[in-house]
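# Residue-level structural notes
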Amino acid sequence: MPSKGEKSMVIIRKAEPKDAKEIKQVHVSAYQKNYRGFLPDDFLDNMKLDDEVIKQTQNHIKTNEYLVAECEGKVVGFAKLCVPAEKEIEIQALYIHPNYQKRGIGTLLVNRVWQDKKEQGFRKLIIWTIKKGPSIGFYLKQGIKEINTTEKIWKFDIHIIQFAKEI
């Protein structure tokens, strides 16, 4: 694994059902590192990566749009997308494995979504994130701003806020 300053070739591609286990490994690892202090420790410590969870993820990949970031032949990040309204694309999930964070991989995923969806005629990119959470600085760096004071309640009564950027 390259050090943080060292660049490796990162490939952004559409996810396939065979990527489900690696996607869930990224998801669990990122949750456990980044949401400590936001989500209960017992929830984070007991996140499962069993056959049922992997099968559910395979089904999600078949019916939803996922992009993966692959480095050195393994999935190190992913983005799950949906279309909440006409001409809007939402990044429902964006996670990078903790060993690969702060290397520009999240930026590559956001830029790929941006580029692909702009070509497809989308006009707005939307992301919901934890209010005062660990991802806010990343989204601001991408030029994605909080668009209003609308909040929703997420897992465990956590407040999330909406960020967006015109494409």
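The structure contained in this document is the topic of the report that follows.

Each value, and the rule that gives it
Residues numbered from 1 in each chain as written. Predicted model: local features only at pLDDT ≥ 70, side-chain atom pairs only at ≥ 80, totals over all residues. Heavy atoms only, no water. Core = buried A, V, L, I, M, F, W, Y, C linked by side-chain atoms within 4.5 Å. Buried < 20%, exposed > 50% of the residue type's maximum accessible area, 1.4 Å probe, protein only. Helix = DSSP H or I, 4+ residues; strand = E, 2+ residues; numbered from the N terminus. Contact = heavy atoms within 4.5 Å. Salt bridge = Lys/Arg side-chain N within 4 Å of Asp/Glu carboxyl O. Phe/Tyr/Trp six-rings, centres within 6.5 Å; stacked < 30°, edge-to-face > 60°.

Let us look at the nonpolar core. By size, the foremost hydrophobic cluster in this structure holds 27 residues, and its most contacted members are I91, L109 and L125. Those elements that place two or more of their residues in this core are strand 1 (10-14), strand 2 (65-71), strand 3 (74-82), strand 4 (88-96), helix 4 (105-119), strand 5 (124-130), helix 5 (136-141) and strand 7 (158-166). For this core, the leading source of residues is helix 4, giving five residues. When sequence neighbours within four positions are dropped, the list of residues in contact with L109 reads I12, L67, V68, A69, G77, F78, A79, L94 and I96. Judged by nonpolar contacts, the second largest core, of 23 residues, contains I23, Y66, V75 and I158.

Let us now look at the pattern of salt bridges. All chains considered together, the criterion is met by eight salt bridges. Of the charged contacts, one joins R13 and E70 as a salt bridge, the two residues approaching to 2.9 Å between their closest N and O atoms. With R13 in strand 1 and E70 in strand 2, this pair connects stretches of sequence that are 57 residues apart. Both residues of the pair, R13 and E70, count as buried. Here R36 makes a salt bridge to D45, at a shortest N to O gap of 3.0 Å.

What follows deals with the packing of aromatic side chains. Describing an aromatic ring pair means giving the distance of the ring centres and the angle of the ring planes. Inspection of the entire model under this criterion finds ten aromatic pairs. Look at F78 and Y95: their rings are 5.8 Å apart centre to centre, the planes differ by 45°, and that puts the pair in the tilted class. Here the residue F78 occupies a position in strand 3, and Y95 occupies one in strand 4, the gap between them amounting to 17 residues. The residues F78 and Y95 share a single accessibility class, namely buried. With centroids separated by 6.3 Å and ring planes inclined at 50°, the aromatic side chains of Y139 and F163 adopt a geometry described as tilted. Here F163 lies in strand 7 and Y139 lies in helix 5, a separation of 24 residues in the sequence. Residue class for Y139 comes out buried when judged on its relative accessible area of 5%. Clustering of aromatic rings is evident, with ring pairs tying together Y31, Y35, Y66, F78, Y95 and W154.

Once that is clear, we can look at the side chain of E70. Taking relative accessible area as the criterion, E70 reaches 18% and is therefore assigned buried. Not counting residues within four places of it along the chain, the set of residues in contact with E70 comprises M9, V10, I11, R13 and V75.

A few words now on unusual backbone geometry. Look at K102: it is not a glycine, yet its phi comes out positive at around 65°. Looking at the secondary structure, you find K102 in the loop between strand 4 and helix 4. Of note in the backbone geometry, F156 takes a positive phi value of approximately 55° without being a glycine. Position of F156 relative to the elements: it lies in the loop between strand 6 (145-154) and strand 7.

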